[in-house]
Amino acid sequence: MAEVDGHGERTGELIGLEKNCGEIENYIIHHLSGNSYCLSGFSEGATMGIELIGRGNINVTKTHLDAAFLTKMGLLAEAI
């Protein structure tokens, strides 16, 4: 189970998800031969799961994602 920056006592400050996604992706590539049976994430973790799968660098057999943001919202939304 990955401990994401800003979400645990042993982690640094959360600046962006790109670093965490890269670390998880590298772990799967180097320790699991690029394959994971299941990827599970909730809220921000689900958004990271979408990012990891979308990169196309790892293979995931099953996913369990809840409340993933698929569009930019709030401050990240484009001005109309």
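Owing to the predicted nature of the structure, the values given are computational and were not obtained by experimental measurement. Sequence order as written defines residue numbering, which begins from 1 separately in each chain. pLDDT decides what is reported in this predicted model: residues at 70 or higher carry local features, side-chain atom pairs at 80 or more are listed and counted, and totals for whole chains, interfaces and linings draw on all residues regardless. Heavy atoms throughout the structure, all of them, feed into the side-chain values; hydrogens and water do not.

Caption draft 1: Main features of the packing of helix α1 (residues 17-31) against helix α2 (residues 44-55). Interaxial angles span 0 to 180 degrees and are taken between N-to-C directions of axes, which are lines fitted to C-alpha atoms, for helices over the stretch in contact. Here a helix means four or more residues in a row that DSSP labels H or I, a strand means two or more in a row labelled E, and each is numbered from the N terminus. One way to put it is that α1 packs onto α2 with a least axis distance of 10 Å and a crossing angle of 60 degrees. The angle between the axes of α1 and α2 places the two elements in the oblique class. Crossing of α1 against α2: the hand is right-handed. Where α1 approaches α2, its residues L17, E18, N20, C21, G22, I24 and E25 are matched on the opposing element by E44, M48, E51, L52 and R55. Looking at the contact of α1 with α2 residue by residue, the classes come out as five nonpolar, two polar and five charged. Throughout this description, any angle smaller than 35 degrees is read as roughly parallel, any larger than 145 degrees as roughly antiparallel, any in the 65 to 115 degree range as roughly perpendicular, and the remainder as oblique. Crossings are assigned a handedness: left-handed for a near helix turned anticlockwise from the far helix by less than a right angle, right-handed for a clockwise turn. It only takes one pair of heavy atoms within 4.5 Å for two residues to be counted as in contact. Throughout this entry, Asp, Glu, Lys and Arg are counted as charged residues, while Ala, Val, Leu, Ile, Met, Phe, Trp, Tyr, Cys and Pro are counted as nonpolar. The remaining residues, Gly among them, count as polar.

Caption draft 2: Fine view of the pairing of strand β2 (residues 59-66). Note: two strands are recorded as paired if DSSP finds a minimum of 2 bridges between them. Bridge analysis of strand β1 (residues 35-42) against β2 gives seven bridges, and the strand direction is parallel. Paired with G41 across the two strands is L65, which belongs to β2. In this region the chain leaves β1, passes through α2 and returns to the parallel neighbour β2; the handedness of that crossover is right-handed. A crossover gets the label right-handed when its path from the first strand over the helix to the second runs clockwise, viewed with the strands pointing away from the viewer.

Caption draft 3: Spatial organisation of the pattern of salt bridges. Any Lys or Arg side-chain nitrogen located within 4 Å of an Asp or Glu carboxyl oxygen qualifies as a salt bridge. Across all of its chains, the model carries three salt bridges by this definition. For K19, the salt bridge goes to E23, with nearest N and O atoms at 3.6 Å. One end of the pair, K19, and the other, E23, are both in helix α1, four residues apart, so they sit about a helical turn from each other. Exposed residues in this analysis have more than 50% of their type's maximum accessible area, buried residues have under 20%, and partly exposed residues fall in between, with area computed by a 1.4 Å probe over protein chains only. A residue is classified by how much of its surface remains accessible, and E23, at 42% relative accessible area, is partly exposed. R55 serves as the salt-bridge partner of E51, at 2.9 Å between the closest nitrogen and oxygen. In this pair, E51 and R55 both sit in helix α2, four residues apart, roughly one turn of the helix. A network of salt bridges, in which partner residues are shared, links E25, E51 and R55.

Caption draft 4: Broad picture of the side chain of E25. Along the polypeptide, E25 turns up in helix α1. Not counting residues within four places of it along the chain, the set of residues in contact with E25 comprises L52, R55, N57 and I58.

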